[in-house]
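Tertiary structure, described
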Amino acid sequence: MADRPAPLLDVLADRRVVLCLGSGGVGKTTTAAAVALGFAARGERAVVLTIDPARRLADALGLGGGIGNEAVRLPAPNRSAGRGEAWAAMLDPSATLEGIVRDGATDAAQAERILSNRLFRNLTSSLSGTNEYMAAERLHQLHQDERFDRVIVDTPPSRHAIDFLDSPGRLTRFVDHRLYRSVFAPRHSLLRPFNAGSQVIMRLLGRLVGTSLVDDVVEFFAEFEGLDREFRRRAAEIEAVLAGPTTAHVLVAAPREDRLAEARWIAGKIADRDRSLDAVIMNRVVPVDIEAARAAMAEAESLDLIGPLAQNLDELAALATQEAALADRLRATIRSRSGRAVPIVRVAEQATPVRDLDGLRRLAGLL
């Protein structure tokens, strides 16, 4: 077994943004919330942004009214009142996109015309990666919010998390693509003031798809001019945050081969992008100190109990050995950007699921 690593919050002490990545079902959302509470317990102002709409998390955070796009402050325990603040927000892609349009539009009227345009609504609801980019945009907004010292992000599961990391670059490539420039940018498009030939083409399109849709297309192309520059600017800023030295990548995993295979895949993708993997949280490991349990049994007086307990302890010891081997295999295949071994923080399986703020604070203590 490797030496006990430093507490996770010490490892992350100089990072302002913490991205929690991992497959579904490994406790990633709960871990992200616990990290925020842990920083709050240290006197900092931390906000957790979750992509998970699960009602259970809202209940655990003590938010009976649910979580929305706007961050809400979590109740503080009396014993730590005034020491720090924990906040929570849940991504609302539509609200986030509306905010971008309103910020980038020249005036309120232009924003309303874009937001009400049918083509715009259809594009934003059907384009692949829209939700991932909105998550990155919301992170950027919270990162710039002076209320918060730390931003912890519960990223989408597995492969969608990599889409989240890549989304700013993909958006920039889209608006810079020559096809976009030729079609979407009105001053360089075929939708300049129509000559006789283009009018014939537009009438033909109107017969095929309906004149109202053609009108929506022309209106959207005209209204969107200039807003693409705002998207490009924001995408560059988001990319700088995600790839910057104050952003940490924390991989959340569980001691099962299928979960660890997914964790290795994510770690490889992070390395491919020259990002730093800062820590691994191994959730739900065997919650028994095997050596201490054996020592306690050796001192037991009731022989009737020793037999069944010894058998149970042997089974737990075998499971703990298997988990340690899996952790060693994971440790051998991942490295930080500096080449150092990535610390693995082991979190024992809890007797009861985390259902409230006290449970989240206990989990924060284990980190």
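Up top is the structure.
Being a predicted model, the structure only gives us computed values, none of them experimental.

With that settled, the discussion passes to the overall build of the protein chain. Tallying secondary structure elements over the protein chain gives 16 helices and 8 strands in all. In the protein chain, the share of contacts with a sequence separation of at least 24, taken over all contacts with a separation of at least 6, comes to 77%. Surface accessibility of the protein chain: about 18,500 Å² in total, with carbon and sulfur atoms responsible for 53%.

As a further point, take the packing of helix H2 (residues 28-41) against helix H16 (residues 357-366). The interhelical angle for the contact between H2 and H16, taken along N-to-C directions, is 80°, at an axis separation of 8 Å. One element, H2, and the other, H16, form an angle in the roughly perpendicular class. Residues Thr 30, Thr 31, Ala 33, Ala 34, Leu 37 and Gly 38 of H2 form the contact with H16, whose own contacting residues are Leu 357, Leu 360, Arg 361, Leu 363 and Ala 364. Considered class by class, the residues forming the contact of H2 with H16 number 7 nonpolar, 3 polar and 1 charged.

So, on to the sheet that holds strand E4 (residues 85-90). Strand order in the open sheet formed by 8 strands is E3-E4-E2-E5-E1-E6-E7-E8, and the pairing between neighbours is mixed. Edge positions in the sheet fall to strand E3 (72-73) and strand E8 (344-348), since each of these pairs with one other strand and no more. Strand direction decides the pairing type here: strand E6 (residues 247-253) and strand E7 (residues 277-285), joined by 5 bridges, are parallel. When the bridges of E7 are listed, Val 250 appears paired with Ala 279.

A general tendency of soluble globular proteins is for nonpolar side chains to be buried together. Counting 53 residues, the largest nonpolar core has Leu 19, Leu 21, Val 101, Leu 139, Phe 164, Leu 251 and Met 282 as its most contacted members. Within the second largest apolar cluster, 39 residues are counted, among which are Ala 36, Ala 279, Val 354 and Leu 363.

Looking now at the packing of helix H4 (residues 93-104) against helix H7 (residues 130-144). As a packed pair, H4 and H7 sit with axes 9 Å apart at the nearest point and diverge in direction by 65°. H4 and H7 meet at a crossing whose hand is left-handed. Only Asn 131, Tyr 133, Met 134, Glu 137, Arg 138 and Gln 141 of H7 make contact with H4, whose side of the interface consists of Pro 93, Thr 96, Leu 97 and Ile 100. For the contact of H4 with H7, the class distribution of residues is 5 nonpolar, 3 polar and 2 charged.

Glancing now at the environment of Ala 248. Here Ala 248 is to be found in strand E6. Sequence spacing of Ala 248 and Arg 16 is 232 residues, and the spatial spacing of their C-alpha atoms is 7.9 Å. Beyond its immediate sequence surroundings of up to four residues, Ala 248 is in contact with Leu 12, Arg 15, Val 17, Val 18, Leu 19 and Asp 278.

The next point concerns the environment of Glu 349. Here Glu 349 shows up in the loop between E8 and H16. As for Glu 349 and Pro 287, which are separated by 62 residues in sequence, their C-alpha atoms are 5.5 Å apart. Not counting residues within four places of it along the chain, the set of residues in contact with Glu 349 comprises Arg 284, Val 285 and Pro 287.

What follows covers the packing of aromatic side chains. Scanning all chains against the criterion turns up 1 aromatic pair. Its guanidinium or amino end placed over the ring of Trp 87, Arg 147 lies 5.0 Å from that ring's centre, counting from NZ or CZ.

Definitions and cut-offs
Residues numbered from 1 in each chain as written. Predicted model: local features only at pLDDT ≥ 70, side-chain atom pairs only at ≥ 80, totals over all residues. Heavy atoms only, no water. Helix = DSSP H or I, 4+ residues; strand = E, 2+ residues; numbered from the N terminus. Contact = heavy atoms within 4.5 Å. Areas by Shrake-Rupley, 256 points an atom, 1.4 Å probe, with all protein chains shown as cover. Axes fitted to C-alpha atoms, helices over the stretch in contact; angles between N-to-C directions. Parallel < 35°, antiparallel > 145°, perpendicular 65-115°, else oblique. Nonpolar A, V, L, I, M, F, W, Y, C, P; charged D, E, K, R; others polar. Pairing = 2+ DSSP bridges. Core = buried A, V, L, I, M, F, W, Y, C linked by side-chain atoms within 4.5 Å. Buried < 20%, exposed > 50% of the residue type's maximum accessible area, 1.4 Å probe, protein only. Left-handed = near helix turned anticlockwise from the far one by under 90°. Phe/Tyr/Trp six-rings, centres within 6.5 Å; stacked < 30°, edge-to-face > 60°. Lys NZ or Arg CZ within 6 Å of the ring centre and 35° of its normal.

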